[in-house]
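# What the coordinates show
Read off the chains here:
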Amino acid sequence: MNKVFLSHSSKDKNQYLRIVAEKLGKENIEYDEFTFEEGEKTLEEIEKRLDSCDLFALFISDHALNSDWVMNEISRASNQLDARKIKKIYPIIIDSTVTYADSRIPKWLKDQYNLKLISRPVVAVRRIQSKLRELHWSNHPLAKARSGIFVGRNEILDDFERRIDDIDLQKPVCIIASGIRKIGRSKLLQHALVKSNIVQGSYSPIKLTLDRVDSIEDFILKLFDTGLTSKTTDDVSGMLSKSMSDKELLLGEILQDIQAAKEIIFVEDGGCLVTHTREIADWLLNSVSTASKLTRPVLCISANFRINRTAIRHHKKFYAVEVPELSTPERSGLLKRLLELHELEISADDFNFFAEQLHGFPEEAHFCADLILDHGVDGAKNESHQITEFNTEKASLLLRKFESNQKVLDFIYFLSEFEFVSVSFVFEIVDEIEYQPILEDLTTHLICDYIGGEHEYIRLNDTIRDLIKRNRLSMPGLFKERLRSHVQNFVKDNNKFERDAADFFYSVKEALAADEKIDDKYLVPSNILRTIKELYQKRENLKRVVKFADMLLMKESSLDPKLSQDVRYYLCLSLARQKDRRVLKEATHIHGPEHDFVLGYYYRLCGRHADAIDRLSKLVDTPYISSRAKRELVQVYLYIEEFDKALKMARENYEANRGNQFPIQSYLNCLLNSDEVINRKMEVERLIGELEQIGSNQSRQMTLIARGLLESKVGTNKVRAFNYIDDAIALDEKSPYPYLAKFDIALRFNDTNVMFDALSYLEEISESRTFSKNTIVKNKAYYNAAIGKLDIAESIVDEELANFPVETIAKIKIKLRNIANK
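Summarised in this report is the structure supplied together with it. (Residues numbered from 1 in each chain as written. Predicted model: local features only at pLDDT ≥ 70, side-chain atom pairs only at ≥ 80, totals over all residues. Heavy atoms only, no water.)

### Quick word on the overall build of the protein chain
- Scanning the protein chain for helices and strands turns up 42 helices and 12 strands.
- On C-alpha atoms alone, the protein chain measures out to a radius of gyration of 30 Å, which is about the 28 Å that the 2.2 N^0.38 rule sets for 822 residues.
- Principal-axis analysis of the C-alpha atoms gives the protein chain an extent of 105 × 65 × 60 Å.
- Relative to its 822 residues, the protein chain shows a buried fraction of 57%.
- Sequence-distant contacts, at least 24 apart, represent 69% of the contacts inside the protein chain between residues at least 6 apart.
- Carbon and sulfur atoms form 47% of the exposed surface of the protein chain, whose accessible area is close to 35,600 Å².
- Distance between charge centroids for the protein chain: 3 Å, based on 118 positive and 129 negative side chains. (Helix = DSSP H or I, 4+ residues; strand = E, 2+ residues; numbered from the N terminus. Rg over C-alpha atoms; globule rule 2.2 N^0.38 Å. Buried < 20%, exposed > 50% of the residue type's maximum accessible area, 1.4 Å probe, protein only. Contact = heavy atoms within 4.5 Å. Areas by Shrake-Rupley, 256 points an atom, 1.4 Å probe, with all protein chains shown as cover. Lys, Arg positive; Asp, Glu negative; His and termini not counted. Charge placed at Lys NZ, Arg CZ, Asp CG, Glu CD.)

### Here's the deal with the sheet that holds strand S2 (residues 29–30)
- Spatial strand order, S2-S1-S3-S4: 4 strands in an open sheet with parallel pairing. On the outer flanks of this sheet lie S2 and strand S4 (88–93), each paired with one strand and no other.
- In terms of strand pairing, strand S1 (residues 4–7) meets strand S3 (residues 55–60) through 4 bridges, oriented parallel. Opposite Ser7, over in S3, you have Leu58 as the bridge partner. (Pairing = 2+ DSSP bridges.)

### Description of the environment of Asp515
- Note that Asp515 resides in the loop between helix H25 (501–513) and helix H26 (525–537).
- Every residue in contact with Asp515, bar those within four places of it in the chain, is listed here: Arg544 and Lys547.

### Quick word on the packing of H25 against H26
- Here H25 crosses H26 at 55°, and the two axes come no closer than 9 Å. With respect to their mutual orientation, H25 and H26 come out oblique. Here the hand of the crossing between H25 and H26 comes out right-handed. Contacts between H25 and H26 involve Phe505, Val508, Lys509, Glu510, Leu512 and Ala513 from the first element and Asn527, Ile528, Arg530, Thr531, Glu534 and Leu535 from the second.
- The class makeup of the residues in the contact of H25 with H26 is 6 nonpolar, 2 polar and 4 charged. (Axes fitted to C-alpha atoms, helices over the stretch in contact; angles between N-to-C directions. Parallel < 35°, antiparallel > 145°, perpendicular 65-115°, else oblique. Left-handed = near helix turned anticlockwise from the far one by under 90°. Nonpolar A, V, L, I, M, F, W, Y, C, P; charged D, E, K, R; others polar.)

### Thoughts on the state of the cysteines
- If you walk through the whole model with that rule in mind, you get 0 disulfides.
- You can see Cys572 has no disulfide; the closest cysteine sulfur is in Cys606, sitting 13 Å from it.
- Residue Cys572 is classed as buried on the basis of its relative accessible area of 0%. (Disulfide = S-S within 2.5 Å.)

### Examining the pairing of strand S9 (residues 318–322)
- Here S9 lies mainly inside the structure; 4 of its 5 residues are buried.
- Sheet topology places strand S5 (residues 174–178) next to S9; 5 bridges connect them, and they run parallel. Along S9, the bridge assignment pairs Cys174 with Phe318.

### Focus: the sheet that holds strand S6 (residues 206–211)
- Read from one edge of the open sheet, 5 strands run S6-S7-S8-S5-S9, paired in parallel fashion. Sheet topology places S6 and S9 at the edges, where each strand pairs with a single neighbour. Each adjacent strand pair in this sheet contributes to an overall mean axis angle of 20°, direction not counted.
- Examined bridge by bridge, S6 and strand S7 (residues 265–270) share 6 bridges and lie parallel to one another. When the sheet's bridge partners are listed, Ile206 is paired in S7 with Ile265.
- Helix-sheet contacts for helix H11 (residues 216–225) involve S6, S7 and strand S8 (299–303), and the interaxial angle to S6 is about 160°.

### What about the environment of Ser202?
- In this fold, Ser202 is placed in the loop between helix H10 (185–195) and S6.
- Residue Ser202 is classed as partly exposed on the basis of its relative accessible area, which comes to 46%.
- Along the chain, Ser202 and Lys815 lie 613 residues apart, while their C-alpha atoms are 73 Å from each other.

### A few points about the packing of aromatic side chains
- All chains considered together, the criterion is met by 28 aromatic pairs.
- An aromatic cluster of at least three residues, connected via ring pairs, comprises Phe411, Phe414, Phe418, Phe425, Tyr435, Phe479 and Tyr506.
- In this structure, Lys496 is placed above the aromatic ring of Phe490, and the distance from its NZ or CZ to the ring centre is 5.4 Å.
- The ring of Phe597 carries Arg628 above its face, with NZ or CZ at 5.6 Å from the centroid. (Phe/Tyr/Trp six-rings, centres within 6.5 Å; stacked < 30°, edge-to-face > 60°. Lys NZ or Arg CZ within 6 Å of the ring centre and 35° of its normal.)

### Here's the deal with the packing of helix H32 (residues 626–639) against helix H33 (residues 643–656)
- Closest axis-to-axis distance for the H32/H33 pair is 9 Å, and the angle between their directions is 150°. The angle between the axes of H32 and H33 places the two elements in the roughly antiparallel class. The chirality of how H32 crosses H33 is left-handed. Taking contact as the criterion, the partners of Ser627, Lys630, Arg631, Leu633, Val634, Tyr637 and Leu638 in H32 are, on H33, Phe643, Lys645, Ala646, Met649, Ala650, Glu652 and Asn653.
- Considered class by class, the residues forming the contact of H32 with H33 number 8 nonpolar, 2 polar and 4 charged.

### Focus: the environment of Met239
- Mapped onto the elements, Met239 comes out in the loop between helix H12 (233–236) and helix H13 (244–260).
- With relative accessibility at 1%, the residue Met239 sits in the buried group.
- Measuring from C-alpha to C-alpha, the distance between Met239 and Val524 comes to 5.6 Å, with 285 residues separating the pair along the chain.
- If near-sequence neighbours (up to four positions away) are discounted, Met239 is found in contact with Glu217, Ile220, Lys247, Leu250, Leu523 and Val524.

### Examining the pairing of S1
- Of the two faces of S1, the one holding Val4 and Leu6 and the one holding Phe5 and Ser7 are both buried throughout.
- Bridging between S1 and S2 involves 2 bridges; their strand directions are parallel. Following the sheet pairing, Phe5 is matched in S2 by Glu30.
- Each parallel crossover has a hand, and for S1 linked through helix H1 (residues 13–24) to S2 it is right-handed. (Right-handed = clockwise from strand over helix to strand, strands pointing away.)

### With respect to the side chain of Glu73
- Tracing the chain through its elements places Glu73 in helix H5 (residues 68–82).
- Given the relative accessible area of 3%, Glu73 is considered buried.

Nothing here speaks to function; it is geometry throughout.
Structure, rendered in C-alpha cells:
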C-alpha cells in the first residue's frame, strides 16, 4: 500500500490539513495527529516515518515557510528522494499570499516542480490520491512517451512568438487554436507557451472540457473545481437565480484568481466558448474584457469551430490561430518518431508506402504505427485500407482491436456514460486491480485520455462516445445498478459541492432524470438541458421533457441565449413527437435554420409529407444542420416510397456516419427497394454485415429484417424470408418494424392472409408505439387492392393520404392497379 507523508505547519491544521488527513484516511498517511504519540515527533522519528512513505506531500504556506520543522522535512525528503527511499515529492501551495517567486521556497523545488495554488482541501485530496494511484500503477511509460511527441508547426509557433513579443500590444489573455478535433491544437498551444518563455518545458497544464450544451455556469463550476480560486461554495451556488451580469462578474474574478496563481487553464471546447456560428460566447467576451487585472495568458482554448477573426479584431485580450492538417514532411516526421519509440525498423520503401497513406491527422500516424506493431510490415500493408479509412471509420477501427473482448467493450460502454469522469469515481464502480491495466491499455491505444490538473479525470474519445450513444449500446446491468446506488447516495449528500466536478454534473443529471428532488442551489441550466436531451433521445416520458423545458424557459432572461435556443429546440422536438400543435407557436421563437427543421420534423411525424419536404429541402446545403435535414428527408421519401430520391442522400448520410446503425439501415432500405437490388446484392450484404457487427439490440433486429427483405427480393424463398422476420419479432414483439417488413414480403408473394395478420398487429401496436400511421393507411390500400377491391383502395388513398405529394399519389395508384392485376 502506498503511503503519503503530509508535511505542514501546525498552524494550517484547522483550516486545511485536518480535512485532507481525514479524507485520505489513517491507513494511507503519515500525519502527526494520527501517527505520532505525544512528544514522539523527533527528527529521528520523522526520518523513520519518511522511510515508510512513497510520496512526500508538501503543503506550502507562509506559516510552513517560516517553520524550521517543515524546512527540515523538505531537506530530508530531498535526500530521501535522491537515495530513492521515497518515490516522489508533491508540493502544493495552500496560501494565496505565497507565490512561486517566494525566496523562502528552495530553488530546486521551483526548478523541478510546477508549484500550484490549491485553495480547497477536497481538491488537494483528489490530487494526492491521483499521485498515489500513479505510483501504485506506475503509469504506462509508452503512453506518456507517445503523448509527448510533437513535430513541425513552425510557422504558427513563429507567429505566436511575434504576437507575444509585440510591445505595442497587450499580451493576450485568451488564446484560441481552432481546427478539426485531434489535429494537435492543445499540444501546439503548450509548445507555443514554452517557446515564448511563458511557461517552462516541464509545465503540466490543468485541462478542462466543455461541449455545446455547457454554458457559463458549467465553466464557473469546473474552474471552481480546480481549487485555484478563493471563491467559496456559497459564491457558486444558486446559479439558476443569478443574473447573467452577476455570473460574468464572478467568472472574471475567478479568472483573476487563476492568473494570480500563475496558472493557465487549457480547455477542449466543443462549441461552448466558440460556437458553431464561429463567434466567441458573449459572456466570455464580457467577463474577460471587464476583468481589468487580467494582463497575461490565462486561457488556452482548443476550439472545434474555426473562429471568425473579425469577431475578435477589436478585442485585444483575445488571439486566435488556425491549426491545419500536418504537412507531408510533418506526417512523415511523426510516423518516424512513433516507429522509433516502438523500436520498429523498416526499409525506406516500406516507410514511404505507409507515409503516403496518411492525410495529415496525428491520430492516423498513431494508428498506422499500431497496425505495423500488431501485424508486422507485410500484414500492415495488406490491411493498409484501414489507414485510408481511418478518418471516416475512426471509432469502429479503434474499437476493432477489442471486438472479441466483451469485458473491455463493456468497460468502454461504461465510460461512454460520462462527458468526463474522475479515476476515483471509476474505481468506486469497478474493481481497480482488475480494470486499471485495461484503462492504461485504452489510453495507449487512443480510446481515452487523461485530463485535469494531475490526470485525475478520464475522457473517452469523442468519436467513440458518439458511436456508442447513436447505436444505443449499453453497459452491463451490474454497472447500471452500482451507478444508481451512487446517485441515490449523492441525493442524500448534504455537501454536494465537495464532490468532484464530473461526479457532481453526472449525479445531478441522473437524479433529475430519475425524478429525484434536487435543491435549486445545486442546479445549473446545462444539468437540466442534459436531462432534457437524454430523456428525449431515449424517448422516456416526453411530457417530463416539456415540464423541464418550461421550467428553464421561465428563467430565460438569465440564460445564455444559445442555451435557451437549445432548450426550445428539444421542447419542439418533444412536442412534435407528441403531435402537439403547440410546437407551431414555440417554433416562432427559434431562429435560423433550426426553425425550418423543427417544422419539417413536425410535418413528417404528422404525415404532412409535402410540407415536410418543402421545409427540409431548404436545409440540405446549410452548414451544421444539413446532415440532420438529409436524415429526415430520407425518412420522408422512404415513407412515401420515393426510393430513388432518397438513395443519394441516404448514401451521403451513410458515408458521413460510418458505423452508425440508423444511416446504415436507411441506405439499406433504399437499396432493397430499388430496381438495382439484384445487381447490388454484394453491397447490400456488406451493409447487412456492418449492421450485424454493431451488436446492439436494435441492430440485431435491423439485420434480421434486412436479411428477410433481401431473401424475398433476391432469393425468392418465402419461408426463409418469413423465418428471418419471425426471429426479428422475437427480439421485440412491440416493435412495428418487423411487421411492416412482414407485410412487404407478403405483398410481394401475394399472401393476403399474412398481409391481414400483419396489419392487425400494426394497428394494435400503434396504440402504444409512435410510428407513421400513414404507413398503415397505405398498407390498407395495398391489401384491398390485393383482395380485388381496387375502388376501396383508391378511395383510401384519395381520402387519407391527401398530404402526400401529387406525383407520389399518382405512383401509388399505379402500384395499386398492378397489385390488383397481379
